[in-house]
Amino acid sequence: MGMRMCSCSRLLLLLATAALRLASAFYLPGLAPVNFCEIKSDECQNAIELFVNRLDSVESVLPYEYAAFDFCQLEEEKRPSENLGQVLFGERIEPSPYKFQFKKQEVCKHVCTKEYNIGKEEDKSKLMFLKNGMHLNYQHHWIIDNMPVTWCYDVEDGQKFCNPGFPIGCYITKAGRPKDACVISTSFNEKDTYYIFNHVEITIYYHSEVENAGSRLVAAKLEPKSFKHAHIDKPDCSGPPMGIPNEFKEKISIAYTYSVNFVRSPIKWASRWDYILESMHHTNIQWFSIMNSLVIVLFLSGMVAMIMLRTLHKDIARYNQIDSTEEAQEEFGWKLVHGDVFRPPRKGMILSVFLGSGVQIFIMMFITLFFACLGFLSPANRGSLMTCAVVLWVLLGTPAGYVAARFYKSFGGEKWKTNVLLTSFLCPGIVFTDFFLMNLILWREGSSAAIPFGTLVAVLALWFGISVPLTFIGAYFGFKKHAIEHPVRINQIPRQIPDQSFYTKSVPGIIMGGILPFGCIFIQLFFILNSIWSHQMYYMFGFLFLVFIILVITCSEATVLLCYFHLCAEDYHWQWRSFLTSGFTAIYFLIYAIHYFYSKLQITGTASIILYFGYTMIMALIFFLFTGTIGFFACFWFVSKIYSVVKVD
């Protein structure tokens, strides 16, 4: 037994490693490298542009555009185009006044000076907004050659962590305690004072096979610093740090400067993301935790499958040996409800609509994760994951309409117009309404995550112009086909269900059914929530795809097992129960999200709290439809299979 478990662990480790290598090997399909050289030519560039993205914080859900903080910016320059996913995620990339020439070093180069006069209300509000950003530890996100500019610093055990962002500044409390980045220097020592990082020392690493040939940028790192320049017009980047007292009473001038240095590196262009990914927290620890979860879940799944197959085999053999009616009447168990097991469920309309939406979400998630494993939706392709998911959801209206119509017809429904309208608008409408309400809060707060009106119109056009017609087409073919034929006839008079014990009642079964599926995803859930709310990069799509497959298997087996127990107890109402049993995993997801909020996040502010739980409810609904649909189809296949192989008079 130990050898078999060891072999299983090794096999899973090999599969996971292969998936991860596959994801890293093809992380930039379709994006060609750019060559740089000291003298501009047709084959290589000389100018290096630095782009700035939105600023965000782990203490607030509200991201803001770079311009909102009154930093140095260009007067007029065309912004790079953003895809749908970037807009929906609130990314706002724009050019910056930081311009470099390849291999041209700069020392304490002046960019601009911002002056704040406390007598002017506008200047006062700008400075207050800047101080609030430092208090909440808002982070810059800069980009050079499609690579994040990272701030690398030492963490525990002598390891180095490379953060794809760096703070605006930091704050020393009234008690003299340094917050956040103020711990990096003892010169930040004045109480109740903000220190702004107005100088950055940038090091750009490049790789070249031949010395005089074109080079490719492989990394960009910086170190934020603070200087109160004695001569604003000719800064020398020396002296005390630039402090802004909380109670300021005089004019304040902040000069922004930078230094840039170029270093040759042996790292090749195809491996330039590796140093960021390798420095992330807890990756090695979570590797073994994920493997243990996979082994445990697969072992439990094997046990469930073995019990089901052996018990069912005995049941079918025993039932098929019974010849007389008298003997059959003495039998008990799942065979006795053969005349009622395919009886249409109550609220069949809603169930069929949920199934249609669930199938749409399932196919969307499968294809998205598959492409992510191949590297097409890597962090380098910003916004591609969200764009792919939205486009797939829009194009998958046809299977949603078909499944909803097919099952609604099998449930004996006749209101086909209502069915197709609910499939098109019920679940998407709930998601859009929640999303729109969250967007109103973002608009009110002036956040960059607020979706522009034009993008909202585009999303509605995709929904009404493409998804809804495709849903109608799918529903047309679904209603046109004959109803699903069941292996046994339905009795005219419903059979009375005997009194159930506590464990065979619906509610305890539904609550227990979601535990095992949730157990195989909660570790990956931690990574996913970190990437969303703590702004960490998620790249383990190979692991995620494996967990996705195991989640499908676990949901199916847990639901089938409980369905079998209920049928043995002569309770034939399996349709809604199978959907809710695996769908209850979403409730555990919601509970975990609440636990994550209170234990892992430092989010403050009413708007941020409302946004967190508003977006979490959208994720929980999507997860509910996804897992519930898996459970229903597994149970539907199981029930159809067992009643097709047993002899019924």
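Residues numbered from 1 in each chain as written. Predicted model: local features only at pLDDT ≥ 70, side-chain atom pairs only at ≥ 80, totals over all residues. Heavy atoms only, no water.

A look at the state of the cysteines
Stage number 1. Applying the stated criterion across every chain yields a total of five disulfides.
Stage number 2. With a sulfur-sulfur separation of 2.0 Å, C170 is cross-linked through a disulfide to C182. Measuring the twist about the S-S bond at about 85 degrees, one finds the C170-C182 disulfide to be right-handed. Here C170, found in strand 12 (residues 169–172), pairs with C182, found in the loop between strand 12 and strand 13 (193–196); they are 12 residues apart in sequence, far enough to count as distant.
Stage number 3. C170 gets classed as buried once you look at its relative accessible area, which sits at 1%.
Stage number 4. The class of C182 is buried, set by a relative accessible area of 1%.
Stage number 5. The connectivity of the disulfides in the chain is 1-2, 3-5, 4-10, 6-7, 8-9, where the numbers refer to bonded cysteines in sequence order.
Stage number 6. In this model C568 remains outside any disulfide bridge; the closest cysteine sulfur is found in C563, 9.6 Å from its own. (Disulfide = S-S within 2.5 Å. Helix = DSSP H or I, 4+ residues; strand = E, 2+ residues; numbered from the N terminus. Buried < 20%, exposed > 50% of the residue type's maximum accessible area, 1.4 Å probe, protein only.)

Thoughts on the nonpolar core
Stage number 1. Among the nonpolar cores identified, the biggest contains 171 residues, and L130, W142 and Y643 are the most heavily contacted of them.
Stage number 2. The greatest single-element share of this core, amounting to 19 residues, is contributed by helix 18 (residues 606–645).
Stage number 3. Excluding anything up to four places from it in sequence, L130 contacts F69, F71, Y116, I168, I196, I254 and Y256.
Stage number 4. Counting six residues, the second largest nonpolar core, distinct from the first, contains M349, A405, V420 and A475. (Core = buried A, V, L, I, M, F, W, Y, C linked by side-chain atoms within 4.5 Å. Contact = heavy atoms within 4.5 Å.)

Quick word on the sheet that holds strand 13
Stage number 1. Here we have three strands laid out as an open sheet, ordered 12-13-16, and antiparallel in their pairing. Looking at strand neighbours, the two that pair on one side only are strand 12 and strand 16 (243–245), the edges of this open sheet. If you compare each strand with its neighbour and ignore which way they point, the axes differ by 25 degrees on average.
Stage number 2. Across the face of the sheet, helix 3 (residues 121–135) comes into contact with strand 12, strand 13 and strand 16 while running at roughly 90 degrees to strand 13. (Pairing = 2+ DSSP bridges. Axes fitted to C-alpha atoms, helices over the stretch in contact; angles between N-to-C directions.)

Let's talk about the pattern of salt bridges
Stage number 1. One pass over the structure, following the stated rule, counts 14 salt bridges.
Stage number 2. A salt bridge links K126 to D70, with the shortest nitrogen-to-oxygen separation between them at 4.0 Å. Of the two residues, K126 is situated in helix 3 and D70 in the loop between strand 3 (60–64) and helix 2 (84–88); the sequence distance between them amounts to 56 residues.
Stage number 3. With relative accessibility at 29%, the residue K126 sits in the partly exposed group.
Stage number 4. Exposure remark for D70: the relative accessible area of 12% places this residue in the buried category.
Stage number 5. Between R272 and D145 there is a salt bridge; the shortest N-O distance is 3.0 Å. (Salt bridge = Lys/Arg side-chain N within 4 Å of Asp/Glu carboxyl O.)

Notes on unusual backbone geometry
Stage number 1. Positive phi outside glycine occurs at K103, with the angle close to 65 degrees.
Stage number 2. Note on placement: K103 falls in the loop between strand 4 (94–101) and strand 5 (106–116).
Stage number 3. In this structure K103 comes out as partly exposed when scored by relative accessible area, which is 22%.
Stage number 4. The phi angle at K347 is positive, at roughly 55 degrees, despite the residue not being glycine.
Stage number 5. Inspection of the secondary structure puts K347 in the loop between helix 6 (325–330) and helix 7 (348–373).

Here we look at the sheet that holds strand 14 (residues 199–207)
Stage number 1. What the four strands build is an open sheet, ordered 5-17-14-15; its pairing is mixed. Of all the strands in the sheet, the pair left with one neighbour each is strand 5 and strand 15 (216–225). Mean inter-strand twist for the sheet, computed between neighbouring axes without regard to direction, equals 20 degrees.
Stage number 2. Note: strand 14 against strand 17 (residues 252–264), eight bridges, orientation parallel. Bridge pairing links E201 to S259 in strand 17.
Stage number 3. Contacts between helix 3 and the sheet are confined to strand 5 and strand 17, with strand 5 contributing the most and set at about 125 degrees to the helix.

Points about the side chain of S226
Stage number 1. With respect to the helices and strands, S226 occurs in the loop between strand 15 and strand 16.
Stage number 2. At a separation of 2.8 Å, a polar atom in the side chain of S226 contacts the main-chain carbonyl oxygen of I196.
Stage number 3. The residues touching S226, leaving out its near neighbours within four places in the chain, are F188, I196, F197, N198, P240, P241 and M242. (Polar contact = N/O pair within 3.5 Å; in protein donor to acceptor, adjacent residues only side chain to side chain.)

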